[in-house]
Amino acid sequence: MDIIHSVDTMHALALGWRARGKKVGFVPTMGYLHRGHTTLIELMRRRCEILVVSIYVNPLQFAPTEDLTRYPRDPEGDARKCEAAGADILFMPENLYPPDFRTTVNIAHLTTRWEGAARPTHFQGVATVVCRLFGLVQPTVAMFGEKDFQQFTVLKSMARDLAMGIEIVPGPLVRDHDGLALSSRNVYLSPEQRQRALSLHRALFAMRDSPSRSGAERVALGRGMVDCDELDYLQIVDPDTLDPVEVVDRPLRAIATARFGRTRLLDNVALGPA
Ligand code: AMP
């Protein structure tokens, strides 16, 4: 595995692959890799000839009040994990944005609700960085985890709207042994908060496993079960439009975000009719 820091080196390499018709797989991350990330890398390994993983903690997707500077980092450990999972290139850009960078990418509708309501500039930052990384890496196929379900939906829509010619593939949500969705932010939880955080997936699973109840009853059931400091949202939504749905008559998604202390945790589960 090669580690590349220079944006120009990465781009030149990628243009060479493209000229030779290589199938390039891409898994973008912010690092501090856990089994959720390495699962995506391993799954992508089987779908491509050249596998690129990026690590970049993107300032554009953090609001001034958020945890950019204290976001956890472990570059050496991450490099070992990427290599073990089968990456050919680890792209850790320095100076990703040139000083005269002027572009922002905005996806309407999908980005205004849920995570977008709590973090108004977040998805613009995500879409902009992913667009720039796509230009530099020139992937044929890119994988994003269903852990960040709204992010996956937004980026799939972006790639389609802009006819990027990049296949956007979902990666399965990977959980810890006790069911907590793996997240780089789990390290912030105190033991007591982590214990209460287990109520999040339990609530979502209970909603999934109550097919005889109506959508509204399932939402009420879930909300009643989450033992958090603040429930930002818990809803059943259409997986493509992210609009709330009342009647569970097709495959849908229950999505939730809750705060435990200062830490916001996201989780979601697929659910459908009986
Ligand atoms: P992040 O480093 O948090 O930006 O995540 C990088 C990629 O890994 C995104 O596509 C995430 O959705 C995905 N990811 C993060 N946590 C998990 C998880 N527990 N299971 C599956 N994918 C995940």
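Caption draft 1: Main features of the overall build of the protein. Summing up its helical and strand segments, the protein has eight helices and nine strands in all. Referenced to the eigenvectors of the C-alpha coordinate spread, the extents of the protein come out at roughly 55 × 40 × 35 Å. Looking at the protein residue by residue over its 274 residues, the buried ones come to 55%. Look at the contacts in the protein between residues 6 or more apart in sequence, and 72% of them connect residues 24 or more apart. Put simply, the protein has 33 plus and 33 minus side-chain charges, and the middle of one group is 1 Å from the middle of the other.

Caption draft 2: View of the packing of helix α7 (residues 191–208) against helix α8 (residues 215–225). For the pair α7 and α8, the least separation of the axes is 8 Å and the interaxial angle reads 160°. If you check the angle between α7 and α8, you find them roughly antiparallel. As for how α7 packs across α8, the hand of that crossing is right-handed. Across the interface between the two elements, S199, R202, A203, A206, M207 and R208 from α7 touch R218, V219, L221, G222 and M225 from α8. Among the residues forming the contact of α7 with α8, the class breakdown is six nonpolar, two polar and three charged.

Caption draft 3: Highlighting the domain arrangement of the protein. For the protein, the assigned domains read domain 1 (2–171) and domain 2 (184–268). The gap between the C-alpha centroids of domain 1 and domain 2 is 26 Å. Each partner contributes residues to the interface: domain 1 has 23 residues there, and domain 2 has 21 residues. Where domain 1 abuts domain 2, roughly 2000 Å² becomes buried across the two surfaces, and 51% of that area is made up of carbon and sulfur atoms. Counting every contact that joins domain 1 to domain 2 gives five salt bridges. The partner of K156 in a salt bridge is D240, and the shortest N-O contact between them spans 3.3 Å. Where domain 1 meets domain 2, there are 15 residue pairs in polar contact (both at pLDDT 80 or more). Elements with a contribution of two residues or more to the side of domain 1 that touches domain 2: α4 (115–118) and α6 (149–161). Residue contributions to the side of domain 1 that touches domain 2 peak at four residues, all from α6. Taken together, the residues that form the side of domain 1 that touches domain 2 break down as eight nonpolar, six polar and nine charged.

Caption draft 4: Region of interest: the sheet that holds strand β6 (residues 167–171). As summarised here, the arrangement of the six strands in space is β1-β4-β3-β2-β5-β6, forming an open sheet in which the pairing is parallel. Each having just a single partner strand, β1 (2–4) and β6 make up the two edges of the open sheet. Along the sheet, successive strands turn relative to each other by an average axial angle of 25°, direction set aside. Both strand β2 (residues 24–29) and strand β5 (residues 141–145) contribute to a ladder of two bridges, which runs parallel.

Caption draft 5: Region of interest: the site of the ligand. Neighbouring the ligand are 17 residues; M30, G145, D148, V174 and L182 lie closest to it. The backbone of G145 places a nitrogen or oxygen atom 2.8 Å from an oxygen atom of the ligand. With respect to the ligand, the backbone of L182 contributes an N or O atom lying 2.8 Å from a nitrogen atom. Protein contact buries 93% of the 490 Å² of open area that the ligand shows by itself. Put simply, the parts of the chain that give the shell around the ligand at least two residues each are β2, α2 (35–45) and β5. For the shell around the ligand, the leading source of residues is α2, giving three residues. When the residues that make up the shell around the ligand are grouped by side-chain class, the tally is nine nonpolar, six polar and two charged.

Basis of the calculations
Residues numbered from 1 in each chain as written. Predicted model: local features only at pLDDT ≥ 70, side-chain atom pairs only at ≥ 80, totals over all residues. Heavy atoms only, no water. Helix = DSSP H or I, 4+ residues; strand = E, 2+ residues; numbered from the N terminus. Buried < 20%, exposed > 50% of the residue type's maximum accessible area, 1.4 Å probe, protein only. Contact = heavy atoms within 4.5 Å. Lys, Arg positive; Asp, Glu negative; His and termini not counted. Charge placed at Lys NZ, Arg CZ, Asp CG, Glu CD. Axes fitted to C-alpha atoms, helices over the stretch in contact; angles between N-to-C directions. Parallel < 35°, antiparallel > 145°, perpendicular 65-115°, else oblique. Left-handed = near helix turned anticlockwise from the far one by under 90°. Nonpolar A, V, L, I, M, F, W, Y, C, P; charged D, E, K, R; others polar. Domains from an automatic or database assignment. Buried area = accessible area lost by both parts, 1.4 Å probe. Salt bridge = Lys/Arg side-chain N within 4 Å of Asp/Glu carboxyl O. Polar contact = N/O pair within 3.5 Å; in protein donor to acceptor, adjacent residues only side chain to side chain. Pairing = 2+ DSSP bridges. Near = heavy atom within 4 Å. Areas by Shrake-Rupley, 256 points an atom, 1.4 Å probe, with all protein chains shown as cover.

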